[in-house]
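# Structural characterization, general
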Amino acid sequence: MADYSTYGLSTQDVRTRVQNGQINAVEEQTSRSLSSIARANIFTLFNAILVGAMATVLLVGTWKDAVFGGVMIVNAVIGIVSEWKAKRTLDELAIVDAARATVWRDGNSVEIPFDEVVLDDAVELTLGDRIGVDGTVMEASGLEVDESMLTGESHPVRKNPGDPVLAGTSVVAGSGLIVATAVGEDLYAQGITRQVKAFTRTTSEIQKGIDAVLRVISFLILPVVALLAWTQWTVSGADGGTFDWRHGLVLAVAGVVGMIPQGLVLLTSMNFAVGSAKLARQDVLVQELPAVEVLARVDALCLDKTGTLTTGGIRLHGLHIVEGTAAALSEHAGNILALLNKESSNATAAAVMEAIANDTIPVTQRPQEEWSIAFSSARKWAALGVSGTSWYFGAPEILLDAIADGPGAAVVEQLRASVSEHADQGRRVLLLAHSSSVPGETEDGGRDEKLPRDLHAVAMLTFEEDLRPDAADTLAYFREQGVRVRVISGDNPSTVAALAQMVGLTTPGGEAVRVCDARTLPEDLESAAFASAIRNHDVFGRVTPEQKRAMVRALQEDDHCVAMTGDGVNDALALKDADLGIAMGNGAPATKAVSQIVLVGGEFSVLPGVVAEGRRIIANMERVSSLFLTKTMYSLVLALTTSLLLWPYPFLPRHFTYIGVLTIGLPAFAIALGPNTRRYVPGFLKRTLSVAIPAGVILAGVALLAYWYVGIGTIEGQSVATLSLMAGALWLLSITARPLVGWRIGLLLAMGGAAVLGFLVPITRHFFALEWPTGEQWSVIGVMALVACMLIEVVYRVQQHFTTAPNA
């Protein structure tokens, strides 16, 4: 670790600044407050309409016809409680993942939460750190910062002493020290570094489809209300006062209430909240709730090797001095490696230092470092100057290309063969090279980053990585589910391919993986040739951060839903652009800042569970959406038809409550939260409406026929219409619940039994203003029910014939 003991504040300085409020703490919650959750569930357009309708009924009718308001209240309470519990779980996990900073105080380095950093604190920066304060650079060693979260610029920015840095950016190369010039509310981008904790409602396919339907309903409600109110007002006095205007207004309210799918939006958000809370118990932090649905739609999964196929742990396999190397250079190799890896800011550096500590790599002295170029994932090498010469350490493919053009070319082919041999065994290889020349200084005080012509190979280091024990099973799951997996890494392509094959990665057809060295890809990252190469390969090595990002975009342009996993800073740009970014819990803060899902425990094997949860949500919401939208459709048809025919509306609000609770409300909640393993198939809204629209027309038709036959405007007609519609709606429920496994059969029997019981028990029958049918009326109900069930079954079978989304 670098010594910055000459910088920093004293304990008294810190205490003074805390007393003055010059601290980085911001009054900000990790997710929504209880009040915001309550507002989101209470103050909605449709709740406003329902409240108005309920008030109207209470003023001009009976409280019994206002019971639909109770359903609205119960739905809101369920939503608030469910989302509050999900918020609590997310907040508890967020504490575990809180960002921390290393500051220098009283001459010592101290690790503290970023919220405790004060103005003028000396904050140390190392590779992978997310910067949480605005500051000025005091010391820099090859410091490069990714400012893309603020500026959109994908290329890292070199920082030198005196340069400003901003909160919300990330260190992608080198190290340094900054002094905090702004904290807390004064930050240029206050809150950006904590966006990872924000509870947000991103758009999902389910939400987009439901929103589209709700916009249409919103547009239709006012004209339909006006038409229905005028019709019922007219009808109320048409036969000498049998109906009064108050009763007509109540009937108009019934038509309006029936059109509103009150529980659909609530059920969607509640399902997301329940899903995220369930995943949180598996150490999966869902930072955007609809993300679990997005993963259900993923058909292209891009994995970074480290942290997904491998544990991230690495150890030195061997230090191999290149044949013919001068004794003075070979004896100096350990000393140089100690200097190059002294900060141990990544797994490779830590492995080198561990080998030095174990005397596997001998170190005889600590030479004085004259200058350095920090490692960059784009450049893929680091360098430093000692005794007027230069040393380079990095990817052998890059360094050997430079050596091949100079006096050290004699050993290049032999080294390439050796690198290939180790790579084929899954080992990682790095090369140490020497040059007698020194790179020139640049205008910004750095060093020229062009490799010299007199470069000579000195030593080759080989490393072994630990494979994740769960990787093979996880890849097998995705293969079975039809998800195309690609491994994208900055390492040697042969090494990555060997490791991928060890854990069972294959092409979609089951053949050996096709490997691509990203250095051979077209320079134009938006070209058709680049997209074709991405489409036709499974493993990519020596990939730059910009290429990773372009690969994600190329797959998206091919209409794939792309998920990207990663743990390193070089994955951040690709994670940000992917449809779903998945960060490993032990990864760099920058990767977690831009991801929708964080695997807190770092277990790759939890991904199938996340996929399953997303599929459960989207499949079950498709089921229940057809129930809600069918009700909207038959209510609309009933309102328009009775208005055109100048009939009294056949249902009171309480009739719709009776029908809706037993055929939609209670079973929808049970079905939406039940298990479902159906694969995702595009076209959610089209499939839902292809059932809901004809089924709604059929149910409205049989209800109106029964009403007309038994007696328009009579309680008997209303009762027969209610039972006819109820029977058809229960059949639609049975279709929605298919295949009829045990718990679904029990649900259907319970709902059907409750419907019959409501008529059998005098108290409930009178409460819902119904009459026990006569024998003839039962015959009408039977015929209407049979017609409705047969026609709805035909609609369902036709829909299944023309779609590819069977129930599961």
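In this report, the structure presented in the accompanying data block is examined. Keep in mind the model is a prediction, meaning the values are calculated, not measured. (Residues numbered from 1 in each chain as written. Predicted model: local features only at pLDDT ≥ 70, side-chain atom pairs only at ≥ 80, totals over all residues. Heavy atoms only, no water.)

We now examine the overall build of the chain. In terms of regular secondary structure, the chain is built from 26 helices and 21 strands. Here the chain, with 808 residues, has 57% of them falling under the buried criterion. Considering only contacts in the chain between residues 6 or more positions apart, those separated by 24 or more positions represent 75%. For the chain, the exposed area adds up to about 31,900 Å²; of that, 58% sits on carbon and sulfur atoms. (Helix = DSSP H or I, 4+ residues; strand = E, 2+ residues; numbered from the N terminus. Buried < 20%, exposed > 50% of the residue type's maximum accessible area, 1.4 Å probe, protein only. Contact = heavy atoms within 4.5 Å. Areas by Shrake-Rupley, 256 points an atom, 1.4 Å probe, with all protein chains shown as cover.)

What follows deals with the packing of aromatic side chains. Think of a pair of aromatic rings as described by two things: how far the centres are apart, and how the planes are tilted against each other in angle. What the rule picks out here adds up to twelve aromatic pairs. Seen in terms of ring centroids, Tyr-634 and Phe-656 are 6.2 Å apart; in terms of plane orientation they differ by 25 degrees. Their pairing is stacked. A residue pair is termed long-range when its members are at least 10 positions apart, and Tyr-634 in helix H20 (residues 607–645) and Phe-656 in helix H21 (residues 653–672) qualify at 22 residues. Members of the aromatic cluster, connected to one another through ring pairs, are Tyr-634, Tyr-649, Phe-651 and Phe-656. (Phe/Tyr/Trp six-rings, centres within 6.5 Å; stacked < 30°, edge-to-face > 60°.)

Turning next to the nonpolar core. Counting residues in hydrophobic clusters, the biggest one holds 117 residues, and the most contacted among them are Leu-267, Leu-638, Phe-651 and Leu-725. By residue number, the principal contributor to this core is H20, which donates 15 residues. Both domain 2 (206–277 + 612–804) and domain 3 (284–309 + 469–602) contribute no fewer than three residues apiece to this core. When sequence neighbours within four positions are dropped, the list of residues in contact with Leu-725 reads Tyr-634, Leu-638, Phe-651, Ile-659, Leu-699 and Ala-703. Judged by nonpolar contacts, the second largest core, of 24 residues, contains Ile-488, Phe-530, Ala-550 and Val-552. (Core = buried A, V, L, I, M, F, W, Y, C linked by side-chain atoms within 4.5 Å. Domains from an automatic or database assignment.)

Right, let's talk about the sheet that holds strand E13 (residues 389–394) for a bit. Reading across the sheet, the six strands line up as E10-E15-E14-E13-E12-E11 and stay open at both edges, with antiparallel pairing between neighbours. Every other strand in the sheet has two partners, leaving strand E10 (310–321) and strand E11 (371–373) as the edge strands with one partner each. Averaged over all pairs of adjacent strands, the angle between strand axes in this sheet comes to 20 degrees, irrespective of strand direction. Strand direction decides the pairing type here: strand E14 (residues 428–435) and strand E15 (residues 456–467), joined by seven bridges, are antiparallel. Within E15, the position partnered with Leu-430 by the bridge is Leu-461. Of the strands in this sheet, strand E12 (381–386), E13, E14 and E15 touch helix H12 (residues 396–403), which is tilted by about 35 degrees from E14. Running over the sheet, helix H13 (residues 412–424) touches E10, E14 and E15 and is turned about 5 degrees from E15. (Pairing = 2+ DSSP bridges. Axes fitted to C-alpha atoms, helices over the stretch in contact; angles between N-to-C directions.)

Another point: the packing of H12 against H13. The interhelical angle for the contact between H12 and H13, taken along N-to-C directions, is 170 degrees, at an axis separation of 10 Å. When the axis of H12 is compared with that of H13, the two are roughly antiparallel. The segment H12 lies against H13, with Pro-396, Glu-397, Leu-400, Asp-401 and Ile-403 engaging Val-412, Leu-415, Arg-416 and Val-419. Here the contact of H12 with H13 is composed, by residue class, of six nonpolar, no polar and three charged. (Parallel < 35°, antiparallel > 145°, perpendicular 65-115°, else oblique. Nonpolar A, V, L, I, M, F, W, Y, C, P; charged D, E, K, R; others polar.)

The subject of this paragraph is H21. An α-helix turns once every 3.6 residues. As a result, residues three or four positions apart point the same way. At Val-661, H21 is deflected by roughly 55 degrees, the largest bend along its length. Summarising burial for H21: 16 of the 20 residues are buried, a large majority. (Bend = angle between axes of the 7 residues up to and from the residue.)

This structure, assessed with the given rule, holds 30 salt bridges. Across the pair Asp-577 and Arg-553 runs a salt bridge, and its minimum N-O distance is 2.9 Å. Separated by 24 residues along the polypeptide, Asp-577 in helix H18 (residues 572–577) and Arg-553 in helix H17 (residues 545–557) bring together distant segments of the chain. Taking relative accessible area as the criterion, Asp-577 reaches 18% and is therefore assigned buried. A residue is classified by how much of its surface remains accessible, and Arg-553, at 38% relative accessible area, is partly exposed. Bridged by salt links that share partners, the residues Asp-401, Glu-413, Arg-416, Asp-517 and Arg-519 form one connected network. (Salt bridge = Lys/Arg side-chain N within 4 Å of Asp/Glu carboxyl O.)

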